Amino acid sequence: MINHRAIKVIYQNEMTRFFHTLFQSIASPVISTALYFVVFGSAIGSSINSIEGVSYALFIVPGLTMLSVLTQSVSNASFGIFFPKFTGTIYEILSAPISFYEALIGYVGAAASKSMILATIILITASFFVDLNIAHPIWMVAFLVLTCISFSLFGFIIGLWAGNFEKLQVVPILIITPLVFLGGSFYSVSMLPPFWQTVTMFNPVLYLVSGFRWSFFEVSDVSVTTSLAMILIFLLICFTLIAWMFKTGYKLKE
Amino acid sequence: MSSIVSIKNLSKTYDSGFEALNSINLDINKGEILALLGPNGAGKTTLISTICGIISPTSGSVSVDGNDIIKDFRKTRKIIGLVPQELTLGAFDKVWSTVNFSRGLFNRKKDDAYLKKLLKDLSLFDKKDSELRTLSGGMKRRVLIAKALSHQPKILFLDEPTAGVDVELRKDMWKIVRKLKSSGVTIILTTHYIEEAQSIADRVGVINEGELLLVEKTKTLMERLGKKQLIVELKEKAYQLPETLNKYKLELNEDGSLITYTYNAKDGGTGISKLLGAISEAGLVVKDLQINESSLEDIFVNLVKKL
Ligand SMILES: Nc1ncnc2c1ncn2[C@@H]1O[C@H](COP(=O)(O)OP(=O)(O)OP(=O)(O)O)[C@@H](O)[C@H]1O
Ligand SMILES: [Mg+2]
């Protein structure tokens with residue numbers, strides 16, 4: 001007996017907030033995407049050779065999308081659960097006839113949906129600057145959905161764990177952004193010296209970006225199956241962590 | 001009378017190591033209004049939060065309508081409504097959407113007619129499209145009540161419903177509470193004020209330092225707690241009380257300057273004027289009068305001593 005109405009209202013409530021601030025939600029990714037294209041695509045990109053047969057402006061599209069998707073998934077999902085905890089409105093969730101997992105589906109589902117919408121907007125913006133051809137649309141969507149879900153889950157964990165606003169903001173700034181920038185979002189790993197290539201292999205974001213990029217251009221730093229396996233492993237780790245947090249009532253309930 | 005909430009040996013020790021509830025045993029009757037009375041930090045909110053599922057009990061058990069609050073949490077929570085002590089509301093939600101949200105959380109089908117009537121009863125209907133942050137404190141309290149009633153609960157917890165509330169809202173609140181009671185809802189409320197408990201509750205439970213000191217019919221308790229003392233200071237010391245004053249059960253202090261008369265303010269006649277007449281007839285001259293009322297603290301001290 002699943003409380004589907006509760007999942008629905010949590011999801012709707014989160015999405016309403018997103019649509020209320022639609023302008024902010026959309027303006028910032030659109031503007032930053034456009035800026036990246038002007039700076040990297042046109043100004044600098046024109047003096048960079050194409051990478052594995054793909055023009056530089058085109059090459060950065062998947063990385064750019066991932067950058068927004070990862071940061072937004074984490075920050076949306078973490079704020080989504082941290083805020084009710086912070087203001088005390090979580091009492092209503094805790095005293096309602098819903099399980100932890102139902103609340104999880106509502107919150108993480110909403111955060112992942114927001115990221116999907118965002119990714120779509122970024123890709124549309126990009127299509128104004130470059131001629132976007134997607135080689136494997138189904139794989140593209142699959143990578144996107146998996147990434148949105150796993151990083152929203154990760155964000156949910158951060159939101160549960162964070163005791164204050166600083167901790168909440170530290171993770172996206174100090175972990176996600178560096179990982180994305182160093183994960184081959186804006187360059188091919190093969191362009192790095194061997195030592196840094198090895199270091200980069202430990203960066204999980206590399207596998208996301210590589211797989212995602214493959215679905216566009218059929219060029220990748222690592223094999224697609226490796227990419228897929230890595231995303232699934234990351235998803236599994238997040239699930240396990242969540243299950244453990246739930247079992248111990250970690251920081252949600254005294 | 002059959003009980004709807006049954007609390008057995010319930011204890012709660014917070015993660016900090018603080019023991020907020022110490023082996024509470026309590027049966028709440030179906031359809032009654034129970035007032036939980038106790039000073040700040042007594043454990044009232046902790047008790048309510050445990051029953052509602054907001055905090056986990058350390059030991060003991062609670063059953064609601066025959067179901068365990070942990071094993072069968074869906075069944076127990078579905079029939080409980082909670083108005084929390086603090087005004088915790090999302091800032092940007094609108095009144096109408098927040099009550100619909102609450103109703104959905106409790107897995108109830110949309111029912112605009114019911115929610116419309118609920119908001120009207122709480123004088124909130126003309127505010128239904130207002131953002132919560134634009135409401136006054138009293139209106140926020142009404143919204144919290146509306147949210148708690150949005151799923152038509154059988155048991156309603158009101159945690160200090162009258163804190164920061166003006167006379168008007170207080171009257172409204174008691175009207176709503178009485179109406180709910182007449183429709184069969186069981187109501188548990190917490191308060192610091194004896195008068196409040198007296199005016200509305202069928203029974204009163206007194207909590208102090210995590211222990212339930214007593215639960216009694218309001219009437220019985222008021223008789224016990226309504227004691228006052230009249231202290232008569234005499235102009236000239238009396239070495240013995242005149243026999244004519246025997247029936248008043250007076251006490252004379254050691255040096256004979258003070259007479260203490262204990263009476264119950266809740267009784268029809270207190271007998272004070274007769275006593276004063278009798279004192280002057282007996283030839284004693286009154287210098288001054290003083291009345292001692294038992295404060296909540298005295299009552300607790302008394303209760304702890306007696307039990
Ligand atoms: N999360 C917590 N961690 C540690 N101690 C807590 C926590 N919440 C409450 N307490 C302590 O438990 C005791 C009981 O608190 P509770 O809120 O239940 O009291 P109360 O009777 O509702 O008081 P008030 O009348 O002030 O609302 C207090 O001493 C309080 O400091
Ligand atoms: Mg309290």
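Residues numbered from 1 in each chain as written. Chains lettered and ligands numbered in written order. Predicted model: local features only at pLDDT ≥ 70, side-chain atom pairs only at ≥ 80, totals over all residues. Heavy atoms only, no water.

Turning next to the coordination of the magnesium ion (ligand 2). Residues and elements named next belong to chain B. Protein-derived ligands of the magnesium ion (ligand 2) are Thr45 (OG1) and Gln85 (OE1), with the metal-ligand distances lying across 1.9 to 2.1 Å. Remark: Gln85 occurs in the loop between strand S6 (80-83) and helix H3 (95-105) and Thr45 occurs in helix H1 (residues 44-52); sequence separation between them is 40 residues. By relative accessible area, which is 29% here, Thr45 ends up partly exposed. The class of Gln85 is partly exposed, set by a relative accessible area of 27%. (Donors = N, O, S within 2.8 Å, 3.2 Å for Na, K, Ca; no water. Helix = DSSP H or I, 4+ residues; strand = E, 2+ residues; numbered from the N terminus. Buried < 20%, exposed > 50% of the residue type's maximum accessible area, 1.4 Å probe, protein only.)

Two quantities define a packed helix pair, namely the angle between the helix axes and the distance between the axes. Residues and elements named next belong to chain A. With their axes 8 Å apart at the nearest point, helix H1 (residues 4-20) and helix H5 (residues 100-129) run at an angle of 35° to one another. For the element pair H1 and H5, the recorded crossing hand is right-handed. Of H5, the residues touching H1 (which contributes Ile7, Ile10, Tyr11, Glu14, Met15, Phe18 and Phe19) are Glu102, Ala103, Ile105, Gly106, Tyr107, Gly109, Ala110, Ser113, Lys114 and Ile117. Residue composition of the contact of H1 with H5, by class: eleven nonpolar, three polar and three charged. (Axes fitted to C-alpha atoms, helices over the stretch in contact; angles between N-to-C directions. Left-handed = near helix turned anticlockwise from the far one by under 90°. Contact = heavy atoms within 4.5 Å. Nonpolar A, V, L, I, M, F, W, Y, C, P; charged D, E, K, R; others polar.)

Further remarks concern the sheet that holds strand S8 (residues 186-191) of chain B. Residues and elements named next belong to chain B. As summarised here, the arrangement of the six strands in space is S6-S7-S8-S3-S9-S10, forming an open sheet in which the pairing is mixed. Because the sheet does not close on itself, it has two edges, and the strands there are S6 and strand S10 (211-217). Averaged over all neighbouring strand pairs, the angle between strand axes comes to 15°, with direction disregarded. For strand S9 (residues 203-208) and S10, the ladder comprises six bridges, and the chain directions are antiparallel. Residue Arg203 lies in a different strand from S10, and its bridge partner there is Lys217. Contacts from helix H5 (residues 137-149) reach S6 and strand S7 (155-158) within the one sheet, and its direction differs from that of S6 by about 170°. Together, strand S3 (33-37), S7 and S8 form the strand contacts of helix H6 (residues 167-182), whose direction differs from that of S8 by roughly 150°. (Pairing = 2+ DSSP bridges.)

Moving on, we get to unusual backbone geometry. Residue and element names in this part refer to chain B. Phi is positive for Asn9, close to 45°, though the residue is something other than glycine. One can find Asn9 in strand S1 (residues 3-13). Look at Asn107: it is not a glycine, yet its phi comes out positive at around 60°. Mapped onto the elements, Asn107 comes out in the loop between H3 and helix H4 (112-121). On the basis of relative accessibility, which here comes to 15%, the residue Asn107 falls in the buried class.

Facing the 30 residues of chain B at the interface are 25 residues of chain A. For the chain B and chain A pair, buried surface summed over both sides reaches about 2500 Å², with 55% attributable to carbon and sulfur atoms. The three residues of chain B that bury the most area against chain A are Arg74, Phe101 and Leu105 of chain B, which together make up 29% of that side's buried surface. At the junction of chain B and chain A, the tally comes to two salt bridges. Mapped onto the side of chain B that touches chain A, the elements with two or more residues apiece are helix H2 (73-78), H3 and H5 of chain B. Among the residues making up the side of chain B that touches chain A, the classes are represented as twelve nonpolar, eight polar and ten charged. (Buried area = accessible area lost by both parts, 1.4 Å probe. Salt bridge = Lys/Arg side-chain N within 4 Å of Asp/Glu carboxyl O.)

Any two side chains of opposite charge can pair if their charged atoms end up close together. Residue and element names in this part refer to chain B. Here the structure, examined in full by the defined rule, presents 15 salt bridges over all chains. Between Glu196 and Arg170 there is a salt bridge; the shortest N-O distance is 3.3 Å. Note that Glu196 is positioned in helix H7 (residues 194-200) and Arg170 in helix H6, a separation of 26 residues in sequence.

Below, the discussion takes up the domain arrangement of chain B. For chain B, the assigned domains are domain 1 (3-223) and domain 2 (226-294). The distance between the C-alpha centroids of domain 1 of chain B and domain 2 of chain B comes to 45 Å. (Domains from an automatic or database assignment.)

All names here are of chain B. Read across the open sheet, the four strands follow the order S2-S1-S4-S5; overall the sheet is antiparallel. Each edge of the open sheet carries a strand with a single partner, namely strand S2 (19-29) and strand S5 (67-68). By the bridge criterion, seven bridges tie S1 to S2 in an arrangement that is antiparallel. Bridge pairing in S2 places Lys12 opposite Leu21. Lying on the sheet, H1 is in contact with S1, S2 and strand S4 (59-64); it crosses S1 at an angle near 115°.

Residues and elements named next belong to chain A. Between helix H6 (residues 137-161) and helix H9 (residues 204-217), whose axes approach to 8 Å, the crossing angle comes to 155°. As summarised for this structure, H6 and H9 are arranged roughly antiparallel, according to the angle between their axes. The handedness of the crossing between H6 and H9 is left-handed. Contacts between H6 and H9 involve Trp139, Met140, Phe143, Leu144, Thr147 and Phe151 from the former and Leu208, Gly211, Phe212, Trp214, Ser215 and Phe216 from the latter. Taken together, the residues of the contact of H6 with H9 break down into nine nonpolar, three polar and no charged. (Parallel < 35°, antiparallel > 145°, perpendicular 65-115°, else oblique.)

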